[in-house]
Amino acid sequence: MLRVHTLGRLHVSRAEGAVSGSAAQPRRLAVLALLASAGEQGLTREKLLAYLWAEADEERARRGLNQALYALRQDLGSDDIFLGTRHLRLNAELVSSDLAEFGQALAVGKLEDAAARYTGPFLDGFHLPGAPEFERWAEEERADLARNYAQSLGKLASRAESRGDWTEAVGWWRKLAAQDPLNATVALSLMRALAAAGDRAGALQHARIYEVLLQQELDSPPDREVVALAAELRAAETTPPPPMPRVKPEPVPVAAEPAPASMPGPPEPAPMPAPEVVIAGAGVPGARAGLRRVTIALALLLTGAAGGLYLRARPPAELVPGPAHRVAFDERLELDPALSPDGKMIAYSADDGTRFQIFVKQVAGGRAVAVTQELPGSHWRPQWSPDRSRMAFQAGGRIYEVPAFGGVPRVLVEPAHPGSWVASAAWSPDGRAIAYVEDWAVYRRAIGGGPATLLCRLANAHSLAWSPDGRWIALVSGNPGFIFGESPWGSSTNLGNIAPSSIWIVPAAGGNPIRITDDQALNTSPVWLPHTAGLLFVSNREGSRDVYRVDLSGAGVPAGEPTRLTTGLSAHSISLSADGRALAYSVFSYTANIWSLDIPEHGEAAEAGARPFTEGTQIIEGISLSPDGRWLAFDSDRDGNQDVYKMPIGGGEAEQLTDSPDDEFVSTWSGDGKALALHSYHAGSRGLRLVPADGGRPVEVVRWPPNQRSPGWSRDGRALVFTSDVTGELQLFLVRRKSDSTWGTARQLTTAGGWAGRWSPDGRSIVYCRADGVWLIDDQGRGNRQLFEAGDSGSPSPELALWSPDGRTIYFKAFDAAGSSSLWAISPSGSAPRLLVRFDDPSRPSSRPEFATDGRRFFFTLGTRQSDIWAMELRRR
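Worth saying up front: this structure is predicted, and the values here are computed from it rather than measured.

On to the overall build of the chain. Within the chain, the regular secondary structure consists of 12 helices and 53 strands. Expressed as a percentage of its 877 residues, the buried residues of the chain come to 56%. In the chain, the share of contacts with a sequence separation of at least 24, taken over all contacts with a separation of at least 6, comes to 52%. Approximately 36700 Å² of the chain is accessible, and the part contributed by carbon and sulfur atoms is 50%.

And the structure:
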């Protein structure tokens, strides 16, 4: 029986020992590792080629794979090692693997067996030069397996504690501390278990080890709770402590009570004697080879570092960018960079494949440490406390704080009312107060709790930043979707949304907000320069998303026009060190094209069967099919700003219909196919426009209410239903065309919320979406009836509903809590909805609500997103 070892050193063994020869050649071992990980499902030859020969031409790649399979069959002594032709898998009767046994033990709950089979990190020390896809896959697998192993150890330790077996608990906690030596929660758990087992000296010794590891690996002082527990154990000189309460590693109940009213700085760490033990490489991965000390390497000049970035000749106040280097660059999305006040550490939010978590690492290099893994859900926008000891972040409509290098998160700010949310935390310079947004209003509150002070109300306020002198709070008004996605506290849906926004500042004591930028372009992510001298922010006012500077007077008024500091950066958000010498930024790219998929008569259609309709480097949002089914209209930024195009449904060249400087987004065709309804941004507000189907100048419909979007045209062309948030939430409005072809006064159609109304083919009903599901209403606002209920039990939330051409079916697109989308069908009579398509490929999400259908096919967008974290020096000439 052959055995593939992947946990620890990658190798193959049989009864007489390890297999050598050509079967031990790295690329052939990589084939075995991939197939061992795939299990019974196996992998296609195309997948193997993509992982291992992505940079070779097709013929050479296929020849390389065939040679590897032949050599493995020869060296391993059987032609039946691999089963299948196009889908390859290992023959379980001839080959076993530690990876399969580890997974099986976890699946049936045999945690001791699983822990015994985890003999080291996945493919430890194995690298395959020239195969970047394989390297990325191995890193993701390594992280997932390590997380599963750590969770198993935590559960085993907790079980032992519940039985009062502290000796066994200590053993499991020691293993977990070796796996994750920098985790403060694990350190506390081990210390408490040691104390409960009567080994107070061992608990203090681990505190000293933890301090040394944290200092050498992250150049940071130890966690305050670890220091406090060590001091408590030293104080108990004679009486051994009683058994300590159990601390689970996951999931951790989050304390909702506020912190003490007074908020002194972190306690000074008690003096710890030098470690009395030698930290060996075995058992503590962070300490291997004496614990690496990473020095800052010479960075690439900006011309080679970030896509064409270069220096401006004479920016104001002599502030110029210096060298830049990438800090985090995995295949996953990495967003929300936050530099520690001293500029040495960086925190960010990264997608681990299932959710977003907060990670911390040194700017100079080293491994990333997950600090919020003990809290379920996705976590966004980390913010360092001024003393660098804590981190605030947002998740699920609440603001939490966590020790800066991992520990038990606790609620810092909760919504004041059920159904509300809070987000966008910003620390005061002294760390005693926090500013935040609740339901789009800006508040300030003491860290220890107490009443909140309303500072201002601005439309879609987000991304707060407190000035160094404590006088001002900067914020953004508009387009939170660009930073946070569909949800105001974080979602991958609509992330990178195209829309303008503006930057404001408001007195920290309350008062009238002061406008800093216009709202003709995206202006976002403000950060303060030292001494409150001005702001840096991200804007696309001159094309690409770059960093701009605006200087402020003592009264908070702009001292001049914003000045561009970088060119070609593609920044998403930025962060600045306290001394203004280091800038961190995420480089975000997004493209989206139209794909089509046949509607299944039975069951679900596979996303993999979708066919491309458009291609190229562009972002497409709106889609609409002409009534005769011959043309597909869409909006695209292929020529700079968002314009409207149309293409023959059978394929061909796209025809540009609009070319104004405003961004325009298409929604629906008129019933006769002669015109298109769209909305565009002008003077900081959305407005309805009509444009001839053969192109021309967009014509305004009505001026009130403001902020109009998503128009739906009646089949007879005599009425439009559209969405506006003039009342404070999205509502449907209706406007009719008069006999002289001008448009009348718009009237409100819904009062309980609603958006994206679409008329039935017979003109009797309008289908629309709102937060609780899909609804029908008539054009007089009567007969309101719910077709689909979106509740809190996990059912997806609908964003857009369309009628089939014959009016017998309503299709709608919905999004789940993780941001994954799906397409459904439901009868207008209200039958149970049927799932038609689930978009579950994270590498190309369908993250926009827009779609179109002719009753036989769906047309929708699939996107690709990438974001890395960079750090840059800022210099004064």
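From this point, the discussion proceeds with the structure in view.
To continue, consider the pattern of salt bridges. Considering all chains together, one arrives at 34 salt bridges under this definition. The salt bridge involving Glu 133 is made with Arg 136; its shortest N-O contact spans 2.5 Å. Taken together, the residues span about one helical turn, with Glu 133 and Arg 136 both in helix 6 (residues 132–162) at a distance of three residues. A relative accessible area of 28% places Glu 133 in the partly exposed class. With relative accessibility at 29%, the residue Arg 136 sits in the partly exposed group. As a salt-bridge pair, Lys 646 and Asp 694 come within 3.2 Å of each other at their nearest N and O atoms. Note that Lys 646 is positioned in strand 34 (residues 643–648) and Asp 694 in the loop between strand 38 (685–692) and strand 39 (699–700), a separation of 48 residues in sequence. Judged by its relative accessible area of 5%, Lys 646 falls in the buried class.

Counting 102 residues, the largest nonpolar core has Leu 32, Leu 52, Leu 123, Phe 134 and Trp 384 as its most contacted members. Ranked by residue count, the leading element in this core is helix 6, at 11 residues. Look past the residues within four positions of Leu 123 in its chain and what remains in contact with it is Thr 6, Gly 8, Leu 10, Ala 33, Phe 134, Trp 137, Ala 138 and Arg 142.

The next point concerns the pairing of strand 13 (residues 380–384). The buried fraction of strand 13 amounts to four of the five residues, a majority that puts the element mostly inside the structure. Bridge count between strand 13 and strand 14 (residues 390–395): three bridges; the pairing is antiparallel. Note that in strand 14 the partner of Gln 383 across the bridge is Ala 392. Linking two consecutive strands that pair antiparallel, namely strand 13 and strand 14, is a turn of five residues; a positive phi of about 70 degrees is found at Arg 388 within it.

Below, the discussion takes up the environment of Pro 451. For Pro 451, the position within the fold is in the loop between strand 19 (441–446) and strand 20 (453–457). Apart from the residues lying within four places of it in its own chain, the contact partners of Pro 451 are Arg 444 and Arg 445.

The next subject is the packing of aromatic side chains. Applying the stated criterion across every chain yields a total of 26 aromatic pairs. Both rings, one in Tyr 118 and one in Tyr 149, keep their centres 4.0 Å apart while their planes meet at 10 degrees; by these two values the pair is stacked. Of the two residues, Tyr 118 sits in the loop between helix 5 (111–117) and helix 6 while Tyr 149 sits in helix 6, which places them 31 residues apart along the sequence. You can call Tyr 118 buried: its relative accessible area is 7%.

For Ser 13, the position within the fold is in strand 2 (residues 11–14). Among the polar contacts made by the side chain of Ser 13, one reaches the side chain of His 5 at a distance of 2.7 Å. Setting aside its immediate chain neighbours within four residues, Ser 13 contacts Met 1, Leu 2, Arg 3, His 5, Ala 18 and Val 19.

Time to look at unusual backbone geometry. Most of the time, phi is negative for any residue but glycine, and the peptide bond is trans. With an omega of 0 degrees, the peptide bond running from Trp 704 to Pro 705 counts as cis. Relative to the assigned elements, Pro 705 resides in the loop between strand 39 and strand 40 (709–713). If you check the backbone angles, Arg 381 has positive phi at about 50 degrees while not being a glycine. Mapped onto the elements of the fold, Arg 381 is located in strand 13. Phi at Arg 388 is positive, roughly 70 degrees, even though this residue is not glycine. Tracing the backbone through its elements, the reader meets Arg 388 in the loop between strand 13 and strand 14.

It is worth spelling out the confidence of the model for the chain at this point. The predicted coordinates should not be examined in detail at positions where pLDDT is low. Here the chain averages 85 in pLDDT, and 90% of its residues register 70 or above. Across residues 244–316 the pLDDT falls below 50, and counting only partners more than four positions away or on other chains, this stretch makes 149 contacts in the model.

What follows deals with the packing of helix 1 (residues 26–38) against helix 2 (residues 45–52). As a packed pair, helix 1 and helix 2 sit with axes 11 Å apart at the nearest point and diverge in direction by 130 degrees. In terms of orientation, helix 1 and helix 2 fall into the oblique class. Along this stretch, helix 1 crosses helix 2, giving a crossing that reads as right-handed. In contact with Arg 27, Ala 30, Val 31, Leu 34 and Leu 35 of helix 1, helix 2 contributes Leu 48, Tyr 51 and Leu 52.

This brings us to helix 9 (residues 200–218). With 19 residues, helix 9 extends 27 Å from end C-alpha to end C-alpha; this agrees with the ideal 27 Å at 1.5 Å per step. Of all 19 residues in helix 9, 14 are buried; the element is thus mostly enclosed.

The subject of this paragraph is the sheet that holds strand 25 (residues 523–528). Consider a sheet: its strands pair through backbone hydrogen bonds, and that pairing is either parallel or antiparallel. The strand order 25-26-27-28 describes an open sheet built from four strands, whose pairing is antiparallel. Two strands in the sheet have a free side with no partner beyond their single neighbour: strand 25 and strand 28 (563–564). As judged from the two bridges shared by strand 27 (residues 546–551) and strand 28, these two strands associate in the antiparallel manner. Each residue of the ladder has a partner; that of Tyr 548, found in strand 28, is Arg 564.

Before going further, it helps to examine the pairing of strand 26 (residues 534–539). The element strand 26 is largely enclosed, with a buried count of six among its six residues. By the alternation rule, side chains of strand 26 split into Gly 534, Leu 536 and Val 538 and Leu 535, Phe 537 and Ser 539, which are all buried. Pairing between strand 25 and strand 26: four bridges, direction antiparallel. Residue pairing for strand 26: Trp 528 is matched across the bridge by Leu 535. Taking the residues that link successive antiparallel strands as the turn, the strand 25-strand 26 hairpin has five residues, and the phi of His 531 there is positive, at about 65 degrees. Here strand 26 runs beside strand 27; their pairing, made up of six bridges, is antiparallel. Residue pairing for strand 27: Ser 539 is matched across the bridge by Asp 546.

What follows covers the sheet that holds strand 45 (residues 766–770). Here four strands make up an open sheet; going across it, the order is 44-45-46-47 and the pairing antiparallel. Edge positions in the sheet fall to strand 44 (755–759) and strand 47 (785–789), since each of these pairs with one other strand and no more. Pairwise comparison of adjacent strand axes, ignoring direction, gives a mean angle of 20 degrees for this sheet. When strand 44 meets strand 45, the two strands line up antiparallel, connected through three bridges. Residue pairing for strand 45: Arg 758 is matched across the bridge by Val 767.

To continue, consider the side chain of His 206. Inspection of the secondary structure puts His 206 in helix 9. His 206 gets classed as buried once you look at its relative accessible area, which sits at 11%. Excluding anything up to four places from it in sequence, His 206 contacts Ala 177, Ala 187, Leu 190 and Met 191.

A word on helix 8 (residues 184–196). In a regular helix each residue adds 1.5 Å, so 13 residues correspond to 18 Å; helix 8 covers 18 Å between its end C-alpha atoms and thus fits that length. Taking burial as the measure, the 13 residues of helix 8 include 12 buried ones, the bulk of the element. Every buried residue belonging to helix 8 is among Ala 184, Thr 185, Val 186, Ala 187, Leu 188, Ser 189, Leu 190, Met 191, Ala 193, Leu 194, Ala 195 and Ala 196, and all of these are buried. Looking at the buried residues of helix 8, the elements they touch are helix 6, helix 7 (166–179), helix 9 and helix 10 (224–235). The opening residue of helix 8, the one whose side-chain oxygen lies 2.8 Å from the backbone nitrogen of Thr 185, is Asn 183. Within two residues after helix 8, Gly 198 carries a phi angle of roughly 90 degrees, on the positive side.

Thresholds applied
Residues numbered from 1 in each chain as written. Predicted model: local features only at pLDDT ≥ 70, side-chain atom pairs only at ≥ 80, totals over all residues. Heavy atoms only, no water. Helix = DSSP H or I, 4+ residues; strand = E, 2+ residues; numbered from the N terminus. Buried < 20%, exposed > 50% of the residue type's maximum accessible area, 1.4 Å probe, protein only. Contact = heavy atoms within 4.5 Å. Areas by Shrake-Rupley, 256 points an atom, 1.4 Å probe, with all protein chains shown as cover. Salt bridge = Lys/Arg side-chain N within 4 Å of Asp/Glu carboxyl O. Core = buried A, V, L, I, M, F, W, Y, C linked by side-chain atoms within 4.5 Å. Pairing = 2+ DSSP bridges. Phe/Tyr/Trp six-rings, centres within 6.5 Å; stacked < 30°, edge-to-face > 60°. Polar contact = N/O pair within 3.5 Å; in protein donor to acceptor, adjacent residues only side chain to side chain. pLDDT = per-residue confidence, 0-100. Axes fitted to C-alpha atoms, helices over the stretch in contact; angles between N-to-C directions. Parallel < 35°, antiparallel > 145°, perpendicular 65-115°, else oblique. Left-handed = near helix turned anticlockwise from the far one by under 90°. Expected span 1.5 Å × (residues − 1).

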